[in-house]
Amino acid sequence: MPTTVAACQIAVDDLDVESNLATVERRVTGLPDGVAVAVFPECALTGFAPDRRAVDAALRRDGPALDRIAAVAGETETAIVAGFLERGGGDGGDVDCGGDADGDPDGDGDDLYNAAAYVAPDGTRTVYRKRHLRGGEREVLEAGDELVTVETPVGRAGILTCYDLNFVADSAALTRARVDALLVPGAWPAAYSENWTLLVRARALDGVRWAVGAGRTGRRDLPDAPAVVYAGRSLVARPDGGVHAALDRREDDLVAELDAETLEAQRDLVGIYDE
């Protein structure tokens, strides 16, 4: 049977964790029955600023904010993927993902990462740290150093975050891992929205898998930080690279069914895993 997923396109309140948590909780509980996986944008829980304020908003992967995400995942029986700024170091959490890089952007013994958590309904958390940083991210963040896969209702899935889509070597590594889907939190600037759509489709096509891209919409308009208008344009790409379903810039939930038979038929056609 097909598996139902949702790309939840939201406007993020930068540096306001409480507001963002409430938005995620509201959106997940409002999804139609049967949605097995809900994907939210990059830094959906924290937002981002290219300065010290990012440090102040950062979360622990085993802290109370992610506990709330686990609670709503359990209540709704929906796995949730949500981006956040992660404070690393110390008691780094209970899963193995991207190792620490050299450096300490806030000078207090903790590194800061752009992370995405896959939170299963049983509370299990798998965290991916974005490997490829862009622009102001490099001023305050450390890059992750591991790719991550996780077993999900849509099969084995890989997680990539936004700009990671540009790097074909990572896509190829996830192809070798035989992932059935890519789950992609994004926050793509509206000025480059065509690139976002192109890259989500390309990464579905070159690995012959589904790709679920959840884009941030709205804008960042913080004092003393560059204003950014975000593209939105969440989409689900088919294993042949076509667009299965898509949104424009409105805040909405893109709900789509992913069919295992469609995936297997395309893989058989191109012979991607033939010995």
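The structure presented is a predicted model; accordingly, all values stated were derived computationally and were not measured. (Residues numbered from 1 in each chain as written. Predicted model: local features only at pLDDT ≥ 70, side-chain atom pairs only at ≥ 80, totals over all residues. Heavy atoms only, no water.)

### Quick look at the packing of aromatic side chains
Going through the model one piece at a time under the given rule, you end up with two aromatic pairs. With centroids separated by 5.3 Å and ring planes inclined at 90 degrees, the aromatic side chains of Tyr-163 and Phe-167 adopt a geometry described as edge-to-face. Of the residues examined, Tyr-163 reaches a relative accessible area of 23% and is grouped as partly exposed. Where Trp-188 meets Trp-196, the ring centres are 5.8 Å apart and the plane angle is 40 degrees; that geometry is what we call tilted. Judged by relative accessible area, which is 0%, Trp-196 ranks as buried. Seen from the ring of Tyr-163, Arg-134 lies directly overhead, with NZ or CZ sitting 5.9 Å from the centre. In this arrangement the basic side chain of Arg-134 is found over the ring face of Tyr-192, its NZ or CZ atom lying 5.8 Å from the centre. (Phe/Tyr/Trp six-rings, centres within 6.5 Å; stacked < 30°, edge-to-face > 60°. Buried < 20%, exposed > 50% of the residue type's maximum accessible area, 1.4 Å probe, protein only. Lys NZ or Arg CZ within 6 Å of the ring centre and 35° of its normal.)

### Some points on the environment of Ala-181
In this fold, Ala-181 is placed in strand β8 (residues 181–186). Residues Ala-181 and Gly-207, spaced 26 residues apart in sequence, show a C-alpha to C-alpha distance of 9.0 Å. Each residue touching Ala-181, except ones within four places of it in the same chain, is listed here: Val-154, Arg-156, Ala-157, Gly-158, Arg-209 and Trp-210. (Helix = DSSP H or I, 4+ residues; strand = E, 2+ residues; numbered from the N terminus. Contact = heavy atoms within 4.5 Å.)

### Quick look at helix α7 (residues 260–270)
A turn of α-helix holds 3.6 residues, and therefore any two residues three or four places apart point the same way. Of the positions making up α7, those classed as buried are Leu-263, Gln-266 and Arg-267. Buried residues along α7 cover an arc of 100 degrees about the axis, so they all sit on one side. Those residues of α7 that are exposed and angled more than 90 degrees off the buried face are Glu-261, Asp-268 and Leu-269. Contacts made by the buried residues of α7 are with β9 (210–215). The backbone nitrogen of Glu-261 has a side-chain oxygen 2.9 Å away, supplied by the residue at the start of α7, namely Asp-259. Gly-271 occupies a position one or two residues after α7 and carries a positive phi of about 65 degrees. (Arc of directions from axis to C-beta. Polar contact = N/O pair within 3.5 Å; in protein donor to acceptor, adjacent residues only side chain to side chain.)

### Things to note about the layout of surface pockets
Taken as a whole, the largest pocket spans an internal volume of roughly 520 Å³. As for the largest pocket, its lining consists of 25 residues, and the residues nearest its centre are Arg-134, Glu-137, Ala-187, Pro-189 and Tyr-230. Tallied by class, residues from the lining of the largest pocket come to 13 nonpolar, five polar and seven charged. (1 Å grid on protein atoms, 1.4 Å probe; cavity = no way out; pocket = protein on both sides within 12 Å on 5 of 7 lines; lining within 4 Å. Points joined across faces, edges and corners; volume = space filled by probe spheres on them. Nonpolar A, V, L, I, M, F, W, Y, C, P; charged D, E, K, R; others polar.)

### Quick look at the sheet that holds strand β3 (residues 79–87)
With respect to topology, six strands assemble into an open sheet ordered β5-β4-β3-β2-β1-β14, the strand pairing being mixed. Looking at strand neighbours, the two that pair on one side only are β5 (125–129) and β14 (252–258), the edges of this open sheet. Each neighbouring strand pair of the sheet contributes to a mean axis angle of 25 degrees, computed without reference to strand direction. (Pairing = 2+ DSSP bridges. Axes fitted to C-alpha atoms, helices over the stretch in contact; angles between N-to-C directions.)

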